[in-house]
Amino acid sequence: MAGCPAAQPTRATVTVHRSILGPALVAALGGFLFGYDTGVISAALLYLAPAFNLSSGEQEVVVAALLLGAIVGVLSGGPLVDRFGRRRLLIVSAAVFCAGALVAALAPSAAVLIAARFVLGLAIGTSSLVVPTYIAEMAPRETRGRLVSLQQLMITVGIFVSYLVGFAFSPSHGWRWMLGLAAVPAAVMLLGLLGLAESPRWLLSRGREDEARTVMLRSRSPGEADEELAEMRAITATERGMTIRDVFGRRLRPAVLLGVAVAATNQLVGVNAVIYYTPTLLTRAGFGDAAALVSTVGIGLVNMVVTIGALLVIDRIGRRPLLLGGTAIVVVSLVALGALYLLPSQTGIAGFLLVAVLCVYIAAFAASLGLGIWLINSEIFPTAVRGKAAGAGTVTHWTLDFLISLTVLTTIALLSATGLFWLYAAFGVIGLLYLHRHLPETKGRTLEDIEHSLRGDR
């Protein structure tokens with residue numbers, strides 16, 4: 001009998017998918033802005049440095065200011081999203097995205113630019129927490145993996161578009177246009193959010209069951225909505241009164257540790273060292289500016305295309321095979337990158353191999369840890385504290401991202417590029433071993449069922 005819903009005609013599943021796709025895409029524009037604002041700095045740095053006479057350390061500060069803002073955004077956004085709702089926080093984030101992009105584009109000095117990027121970071125941190133939570137709570141279980149993974153897809157699209165924009169404006173050194181164009185999708189997101197409904201799970205947690213049912217009927221049949229509401233109602237009763245103290249208690253500890261482990265592995269394999277510094281790494285390896293930017297665009301394209309492929313199969317293959325298999329390939333790629341930097345020169349055939357291995361690395365990451373951090377953290381926590389609990393993994397992501405962005409160039413100076421990539425490979429092995437032991441399969445299960453299975457008191 002549990003299999004009856006799955007036996008319905010596939011047309012019903014398509015209807016469900018279409019009815020929720022629009023709201024999911026609007027919310028996922030937060031992911032696009034996340035990707036664009038983090039990726040565009042890689043090209044802009046080539047022209048910011050001479051424009052403001054920035055040293056290597058000052059360049060790292062320009063990059064890291066956004067990430068410091070993201071940490072603050074997550075820490076403040078977790079409690080706010082549980083109190084005021086998912087939709088309201090997304091609207092605020094979109095407005096901040098728009099304002100931050102315009103100030104960054106008009107910055108008269110490095111100090112103003114750093115402040116603007118900190119403000120953008122607030123929006124990125126908040127949206128990176130709220131977007132997957134909102135989509136996961138809106139989506140039917142059959143398509144939750146694909147829909148939540150729209151966040152990561154839009155991140156990769158944002159990164160790719162930022163690389164294209166960087167390449168297009170590189171002849172004119174137009175870093176102001178590179179930064180300012182982010183205001184356009186931010187305005188589109190803001191307008192789109194005004195017409196969206198609140199998450200039904202959040203509404204139910206506030207005693208607004210009739211509103212929750214109305215929202216669910218947009219993407220489910222009456223029977224499916226009533227069945228899911230009954231399950232949500234039962235578990236909401238057990239969650240009533242949960243606070244931030246419960247997030248760190250024995251009951252939620254296995255889920256919180258898993259969320260932190262996925263996020264830590266995501267960052268410690270060094271993906272953002274590649275995203276932020278690929279043009280810098282390639283120019284230091286002997287590439288010209290144009291060749292470095294073209295190679296970066298190619299890497300961004302691979303990232304986006306593979307994410308689309310992974311998104312289409314994640315609800316069939318499952319989370320666990322993609323995460324474990326992809327992470328293993330990431331580790332092997334890091335070892336190979338380190339070996340290539342041992343060669344006397346990274347031009348010619350070695351340069352081709354360097355870009356090819358970077359593409360393999362980013363493809364494996366996109367299909368595994370790239371999707372996994374947002375999806376796993378959106379699925380494994382109780383509704384009442386999902387914002388706060390998911391914040392543990394999200395703040396881990398941004399804290400490590402911040403530390404990595406501040407240390408890439410310094411670590412290369414201390415350990416060489418080979419040492420940098422092999423250090424990331426070692427971290428990847430540790431993360432892979434932990435995930436192999438503790439990561440459950442969440443494909444096709446309700447959020448409430450996943451929560452039950454990860455409780456520390458069972």
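Higher on the page you've got the structure.
Okay, so let's go over this structure. (Residues numbered from 1 in each chain as written. Predicted model: local features only at pLDDT ≥ 70, side-chain atom pairs only at ≥ 80, totals over all residues. Heavy atoms only, no water.)

Turning next to the overall build of the protein chain. A count of helical and extended segments in the protein chain gives 20 helices and zero strands. Taken over 458 residues, the protein chain has a buried fraction of 59%. Looking at the protein chain alone, contacts between residues at least 24 apart form 85% of all its contacts between residues at least 6 apart. By element, 68% of the accessible surface of the protein chain is carried by carbon and sulfur atoms, the whole surface being about 17,200 Å². (Helix = DSSP H or I, 4+ residues; strand = E, 2+ residues; numbered from the N terminus. Buried < 20%, exposed > 50% of the residue type's maximum accessible area, 1.4 Å probe, protein only. Contact = heavy atoms within 4.5 Å. Areas by Shrake-Rupley, 256 points an atom, 1.4 Å probe, with all protein chains shown as cover.)

Moving on, we get to the environment of L354. With respect to the helices and strands, L354 occurs in helix 17 (residues 349-367). As for L354 and L282, which are separated by 72 residues in sequence, their C-alpha atoms are 8.9 Å apart.

What follows concerns helix 17. In this model helix 17 runs 27 Å from its N-terminal to its C-terminal C-alpha over 19 residues, within 8% of the 27 Å that 1.5 Å per residue would give. Of all the 19 residues making up helix 17, 14 are buried; the element is thus mostly covered by neighbouring parts of the structure. (Expected span 1.5 Å × (residues − 1).)

Right, let's talk about a nonpolar patch on the surface for a bit. A cluster of nonpolar side chains, namely L414, L415, L423, F427 and I430, defines an oily patch on the protein surface of about 500 Å² accessible area. As for its placement among the helices and strands, F427 is situated in helix 19 (residues 386-438). (Patch = residues over 30% accessible without salt bridge, like charges linked within 9 Å, V, L, I, M, F, W, Y side chains within 5 Å. Salt bridge = Lys/Arg side-chain N within 4 Å of Asp/Glu carboxyl O.)

As enumerated under the stated definition, the model contains two salt bridges in all. With its nearest N and O atoms 2.7 Å apart, the salt bridge here joins E137 to R86. Note that E137 is positioned in helix 4 (residues 110-138) and R86 in helix 3 (residues 86-105), a separation of 51 residues in sequence. R86 carries the same exposure label as E137, and that label is buried. A salt bridge links R208 to E211; the shortest N-O distance between them is 3.0 Å.

Attention now goes to the nonpolar core. Counting residues in hydrophobic clusters, the biggest one holds 148 residues, and the most contacted among them are L48, I135, L334 and V408. No other element matches helix 1 (residues 10-52), which puts 20 residues into this core. Each residue touching L48, except ones within four places of it in the same chain, is listed here: I41, N53, L54, V62, L113 and W175. (Core = buried A, V, L, I, M, F, W, Y, C linked by side-chain atoms within 4.5 Å.)

Turning our eyes to something else, we now look at the side chain of T126. If you trace the backbone, T126 turns up in helix 4. Taking the relative accessible area as the measure of exposure, T126 reaches 8% and is therefore buried. Within the structure, T126 has its side chain in polar contact with the backbone oxygen of L122 (distance 2.9 Å). (Polar contact = N/O pair within 3.5 Å; in protein donor to acceptor, adjacent residues only side chain to side chain.)

Before going further, it helps to examine the packing of helix 2 (residues 56-84) against helix 3. At a minimum axis separation of 7 Å, helix 2 and helix 3 run at an interaxial angle of 130°. The angle between helix 2 and helix 3 falls in the class oblique. Facing helix 2, whose interface residues are L80, V81, D82 and F84, helix 3 presents R86, R88 and L89. Its residues placed into classes, the contact of helix 2 with helix 3 shows four nonpolar, no polar and three charged. (Axes fitted to C-alpha atoms, helices over the stretch in contact; angles between N-to-C directions. Parallel < 35°, antiparallel > 145°, perpendicular 65-115°, else oblique. Nonpolar A, V, L, I, M, F, W, Y, C, P; charged D, E, K, R; others polar.)

Let us look at helix 13 (residues 253-268). Think of an α-helix as 3.6 residues a turn; residues three or four steps apart then line up on the same face. Taking 1.5 Å as the rise per residue, helix 13 with 16 residues should run 22 Å; its terminal C-alpha atoms sit 22 Å apart, in good agreement. Residues of helix 13 that are buried: A255, V256, L258, G259, A261, V262, A263, A264, T265, N266 and Q267. Immediately downstream of helix 13, the backbone of G270 shows phi near 85°, a positive value.

Glancing now at the packing of helix 2 against helix 4. Their axes nearest at 6 Å, the elements helix 2 and helix 4 cross at an angle of 40°. When the interaxial angle is binned, helix 2 and helix 4 end up oblique. Read as a crossing pair, helix 2 and helix 4 show a hand that is right-handed. Its residues placed into classes, the contact of helix 2 with helix 4 shows 18 nonpolar, eight polar and one charged. (Left-handed = near helix turned anticlockwise from the far one by under 90°.)

Let us look at unusual backbone geometry. Positive phi is not limited to glycine here, since N53 has a value of about 55°. On the basis of relative accessibility, which here comes to 65%, the residue N53 falls in the exposed class. A positive phi is found at S416, a non-glycine position, where the angle reads about 80°. Mapped onto the secondary structure, S416 falls in helix 19.

So, on to the side chain of S368. Secondary-structure assignment places S368 in the loop between helix 17 and helix 18 (369-379). For S368, a relative accessible area of 2% puts it in the buried group. The residues contacting S368, other than those within four sequence positions of it, are L322, L323, G326 and T327.

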